[in-house]
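# Results of the structural survey
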Amino acid sequence: MIESPATQLDQQMIRFPGGFRWGVATAAYQIEGAATEDGRGPSIWDTFCRTPGRVIEGHTGDVACDHYHRFRDDVKLMADLGITAYRFSVSWPRVQPAGSGPANQAGLDFYRRLVDDLRAHGIEPWLTLYHWDLPQPLEDAGGWPERDTAARFADYAMLTHDALGDRVSHWTTLNEPWCSAFLGYGSGVHAPGRQESVAAVRAGHHLMLGHGLATRALRASAPEHEVGATVNLYAVSPQTDSPGDADAARRIDGLANRFFLDPMLRGSYPTDVVDDLREVTDFAHVRDGDLAVIATPMTFLGINYYSRYVVAAPAPEGNREPYWRVPSSWPGSEQVPFVSRGVPVTDMDWEIDSAGLLETLVRVNREYTDLPLYVTENGAAFADRVVDGEVHDPERLAYIDEHLRACHEAIEAGVPLRGYFAWSLLDNFEWAWGYTKRFGLVHVDYDSQVRIPKSSAKWYAEVIRRHGLAAQ
Ligand code: FCB
């Protein structure tokens, strides 16, 4: 039989299921700028950026990509690329400057304009409530290690939902609670920059409690809306199959992944992780009923995936620093070494490992939940350069291509993966790395604010148009 050209083309394509979302993601503090405009209050990131030595070259998000003023151009850019869903975050201090009390109408109006413009261009708004910019007054009152912050978060969630719920139906409570808790309060490399192991563990709990309270309130007030959370997950492997390396992998998987997945999807902390943390905390901050709130059913789960961790057994006892002297993102497991395998890395030094994404998606589905899953962030930093008005970024293109293939394999394996959001639409303020790391599909010149879609953006637009990738 002679095949028609259309059939031949079909066979050469890896196609994604109908309705699969093709998205891009950003976060408020990383792109908006306008840090003191229209009543926005300070967040912990404004304070952190002003603390000498915390952010590379003293960079701040004061101007960033000036998206606050240029959002219409950015929405147009997305529309031109064929993006079908946009994941952005609301700046809590823009809409509720004190972290409690009255809303700032001008702040809410900004998001209303943004959302209306997205919808007018046929782009679904995916709203994240918390992408790390805690109002400074709440940190002054103790921050996430304090239980009250969870209640404040749920109030803010409802205040935002009251204003935007008529036009946004996809709601994400938290972005990457691991980072907020363990980088913010453990190693201190993120705002608010505290180095207190016990505070990190408490913060993790109260973030999840805030997520549960907000999820409960949002779902009660709008049962028709989608409500979920985004966690950052890693594939974790032992360096060898020795029992010591296996135990190190268990510990790091416990803190990075299961510390959040188990409470949110099973309603309990993993007992081995509680045990690993026994010298840090007795978990007395966990009250009766908290875990039931944390496990409030969601309607989807967002997963951010970037890399794999390979870990090994700690050095023998005598060669270790006492844990309280090591400011660490891994309380109780400070001595576990992270091993580099010498495989290709991105500009962040993160190993490129798309098999880890497949592994992670299959694991979450098999071990935890049959909820619809979304890859809510995935992407790569590379040191791009503008040459003759163009930016060629074959490494980023290859990174996304490889990870999309992993997504497709996951779908073929039965994982209900419903969409992919590339990180990020624009080059932006990469937290402690300031503007020195570029993750965008679109290049930003921070002096002129000129945007140039990189070759990866043009390629992604083609993937979207064909709803798939060429078979290899
Ligand atoms: C994730 C963050 C996001 C961005 C990427 C590179 O951890 O959610 O804001 O910084 O990493």
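Everything that follows concerns the structure shown earlier in this document.
Residues numbered from 1 in each chain as written. Predicted model: local features only at pLDDT ≥ 70, side-chain atom pairs only at ≥ 80, totals over all residues. Heavy atoms only, no water.

### Notes on the overall build of the protein chain
Scanning the protein chain from N- to C-terminus turns up 16 helices and 14 strands. Taking 2.2 N^0.38 as the reference for a compact globule, 472 residues should give roughly 23 Å; the C-alpha atoms of the protein chain span a radius of gyration of 22 Å, in line with that estimate. The dimensions of the protein chain, computed from C-alpha atoms along their principal axes, are 70 × 55 × 45 Å. Residues counted as buried form 61% of the 472 residues belonging to the protein chain. Relative to all contacts within the protein chain whose residues are 6 or more apart in sequence, the contacts with residues 24 or more apart total 79%. For the protein chain, the computed accessible surface area is about 17800 Å², with 51% contributed by carbon and sulfur atoms. One way to put it: in the protein chain the 43 positive side-chain charges average out to a point 2 Å from where the 65 negative ones average out. (Helix = DSSP H or I, 4+ residues; strand = E, 2+ residues; numbered from the N terminus. Rg over C-alpha atoms; globule rule 2.2 N^0.38 Å. Buried < 20%, exposed > 50% of the residue type's maximum accessible area, 1.4 Å probe, protein only. Contact = heavy atoms within 4.5 Å. Areas by Shrake-Rupley, 256 points an atom, 1.4 Å probe, with all protein chains shown as cover. Lys, Arg positive; Asp, Glu negative; His and termini not counted. Charge placed at Lys NZ, Arg CZ, Asp CG, Glu CD.)

### Let's talk about the nonpolar core
By size, the foremost hydrophobic cluster in this structure holds 150 residues, and its most contacted members are W45, Y130, F259, L404 and Y460. A total of 10 residues in this core trace back to one element, the largest contributor, which is helix α11 (residues 243–266). Not counting chain neighbours up to four residues away, the residues in contact with W45 comprise Y29, V55, W132, H190, A191, F429, W431 and A432. (Core = buried A, V, L, I, M, F, W, Y, C linked by side-chain atoms within 4.5 Å.)

### Things to note about the packing of helix α4 (residues 67–81) against helix α6 (residues 105–120)
Relative to each other, α4 and α6 sit at 15°, their axes nearing to 10 Å. The orientation of α4 relative to α6 falls into the category roughly parallel. Read as a crossing pair, α4 and α6 show a hand that is right-handed. Between α4 and α6, the contacting residues are H67, Y68, F71, R72, V75 and M78 on the first element and A106, F110, R113, L114, D117 and L118 on the second. Classifying every residue of the contact of α4 with α6 by side-chain character gives 8 nonpolar, 1 polar and 3 charged. (Axes fitted to C-alpha atoms, helices over the stretch in contact; angles between N-to-C directions. Parallel < 35°, antiparallel > 145°, perpendicular 65-115°, else oblique. Left-handed = near helix turned anticlockwise from the far one by under 90°. Nonpolar A, V, L, I, M, F, W, Y, C, P; charged D, E, K, R; others polar.)

### Considering the sheet that holds strand β5 (residues 170–175)
One closed barrel holds the 8 strands; their spatial order is β2-β3-β4-β5-β6-β8-β10-β11, and the pairing between them is parallel. Neighbouring strand axes in the sheet, compared pairwise and without regard to direction, differ in orientation by 25° on average. With 3 bridges joining them, strand β2 (residues 21–25) and strand β3 (residues 85–89) adopt parallel strand pairing. Opposite A25, over in β3, you have R87 as the bridge partner. (Pairing = 2+ DSSP bridges.)

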